[in-house]
Amino acid sequence: MLRTMAGRVSPALPARTVVGARKLTTANPLPAMFLRGGTSKGIFLRRTDLPEDPNDWTPIFQGIMGSPDPQYRRQLNGMGGGVSSLSKICVVGLPSPERASEVDVEYTFVQVGIEDGTLDLSGNCGNLSSMIGVFALDEGLCSPRHVEKEANLARVRSYNTNTDKVIDTTFPISLSDGKQVAALDIPQVEMAGVPGKASRIVLQFVNPGGARTGKLLPTGSPVDVLEFENGSSVSQIPASLVDATNPTVFIASQHLSSLLGIEGGRESPGIQFTSPEVEAVLERIRQAGAVKMGLDPSAKAQPKIAVLSQPRSDAGDTDIVIHALSMGVLHKAVPMTVGLCLGVASGVEGTLAQDIVTKARSRAGALHGDMLRIRHPGGIVEVGADFAEDGAVLNAQVVRTGRRLMKGVVWW
């Protein structure tokens, strides 16, 4: 459903009519906040300002982001930035009555396609999830569920509709005009890909296993062999299909290098992840993994695919190396839900991740405690996961930072 425009739209026009199953009037411009969460940026909207039916969001979100843009892929007509990490929207509102006693707010994450303008609601964004609690407090949607008064920390519990999962965010607060607000400018931590230090936001995914498929290991096996068409032949590659926070297809660089005819692939130095040929192969592998997991292979946002490598022998600060793709393109860092999924996968016996981490730590003769240190193209991130005695994943956690960038209105 594409929006149409006849002539110039007057800035004073209070509303636009969206035609779907029924007529709806939606304000134009819309109240909005523009926030950075981790290594992503996105538009945050209140649920009550949008049509009730998500099917009617398409022209609104396309207009906000400047999609579709098949020719230039820059989204210059909107708030998007021409890459997947900048083409995101979070819709936040009060929890449904049946969840009101368990969570403070609920939200839906939307990935907006750059070229085709498709709205993908199949997964969650870990980076932007870190700012849901901040937005909820700023907008007066809730009060903190728990406050540590001595440490000036607040925790907001949210429900993600995409994955049917609960997420806790804990962050510093201060008083402003008698109101508790998030204090995001305390120089506490620095994260790879973002300059400077900012306040520590602890993001914890509660019971993250089976976010989309209902199972931590959708096939029941820590390693599967995927078959896919590769030119005129059928190729095979081992893969760990893991569903925690978001489903991900993990493959090893040494297996990918062998498939591509590249030597010395243990540390993936020879793989050109941005080449069209490699991108095409990885997309076919991702689609084969999606089928195995019982997911739609045509949905570009889920599952993600990531290539895992052993760290260099002199990299004592790293447990594992990752190159992850988002919407078919190499991510400049790592999608946070993929990093969290890797943190869980490394604790599951028999997975490719667990094998690489065990060997790397044994070779380095060092342990990094409960946190997994992941090296990605932009630096290092630490993630953690807690397991029950029966192997069930209790939670997955990571530290993020965030910043308010704009509050006002956005035209669509």
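Before going into details, it helps to say that this report is about the structure given with it. (Residues numbered from 1 in each chain as written. Predicted model: local features only at pLDDT ≥ 70, side-chain atom pairs only at ≥ 80, totals over all residues. Heavy atoms only, no water.)

Our focus in this paragraph is the nonpolar core. Within the largest apolar cluster, 58 residues are counted, with the highest numbers of intra-cluster contacts made by Phe44, Val92, Phe171, Phe250, Ile320, Ile322 and Leu342. Broken down by element, this core gets its largest block of residues, 7 residues, from helix H6 (residues 336-345). If we ignore the near neighbours within four places in the chain, the residues touching isoleucine 322 are Phe250, Ala306, Val307, Leu308, Val334, Val338, Leu342, Ile374, Arg375, His376 and Pro377. Of all hydrophobic cores here, the second largest spans 21 residues; its members include Leu241, Ile271, Met293 and Leu295. (Core = buried A, V, L, I, M, F, W, Y, C linked by side-chain atoms within 4.5 Å. Buried < 20%, exposed > 50% of the residue type's maximum accessible area, 1.4 Å probe, protein only. Helix = DSSP H or I, 4+ residues; strand = E, 2+ residues; numbered from the N terminus. Contact = heavy atoms within 4.5 Å.)

This paragraph deals with empty space enclosed by the protein. Scanning the entire structure with this criterion turns up 4 cavities of 30 Å³ or more. Roughly 130 Å³ of internal volume is contained in the largest cavity. Together, 18 residues line the largest cavity, and Lys88, Gln111, Asn124, Cys125 and Lys304 are the ones closest to its centre. If you list the elements that add at least two residues to the lining of the largest cavity, you get strand E6 (105-112), helix H2 (126-129) and H6. Looking at the lining of the largest cavity residue by residue, the class counts come to 5 nonpolar, 10 polar and 3 charged. In this model, the second largest cavity occupies a volume close to 60 Å³. Split into classes, the residues belonging to the lining of the second largest cavity amount to 7 nonpolar, 2 polar and 1 charged. (1 Å grid on protein atoms, 1.4 Å probe; cavity = no way out; pocket = protein on both sides within 12 Å on 5 of 7 lines; lining within 4 Å. Points joined across faces, edges and corners; volume = space filled by probe spheres on them. Nonpolar A, V, L, I, M, F, W, Y, C, P; charged D, E, K, R; others polar.)

Along the chain, the position of asparagine 395 falls in strand E23 (residues 393-400). Owing to a relative accessible area of 12%, asparagine 395 belongs among the buried residues under this scheme. When neighbours within four sequence positions are excluded, asparagine 395 is seen to be in contact with Gln204, Phe205, Val206, Asn207, Pro208, Gly384, Ala385 and Asp386.

In this model, the largest pocket occupies a volume close to 760 Å³. Along the walls of the largest pocket sit 41 residues, with Val83, Ser84, Ser326, Met327 and Val329 positioned nearest its centre. Counting only elements with at least two residues in the lining of the largest pocket, the list comes to strand E4 (40-46), E6, helix H5 (276-293), strand E18 (304-309), strand E19 (320-326) and strand E20 (329-330). Per-element tally for the lining of the largest pocket: the top contributor is H5, with 4 residues. Broken down by class, the residue content of the lining of the largest pocket amounts to 14 nonpolar, 15 polar and 12 charged.

Let us look at the environment of leucine 260. Locating leucine 260 in the fold gives a position in helix H4 (residues 253-260). Looking at leucine 260, the relative accessible area reads 27%, which means it is partly exposed. Put simply, leucine 260 and isoleucine 271 are 11 residues apart on the chain and 8.4 Å apart in space, counted from C-alpha to C-alpha. Sequence-distant contacts of leucine 260, that is, excluding residues within four places in its chain, are made with Ile271, Val278 and Val281.

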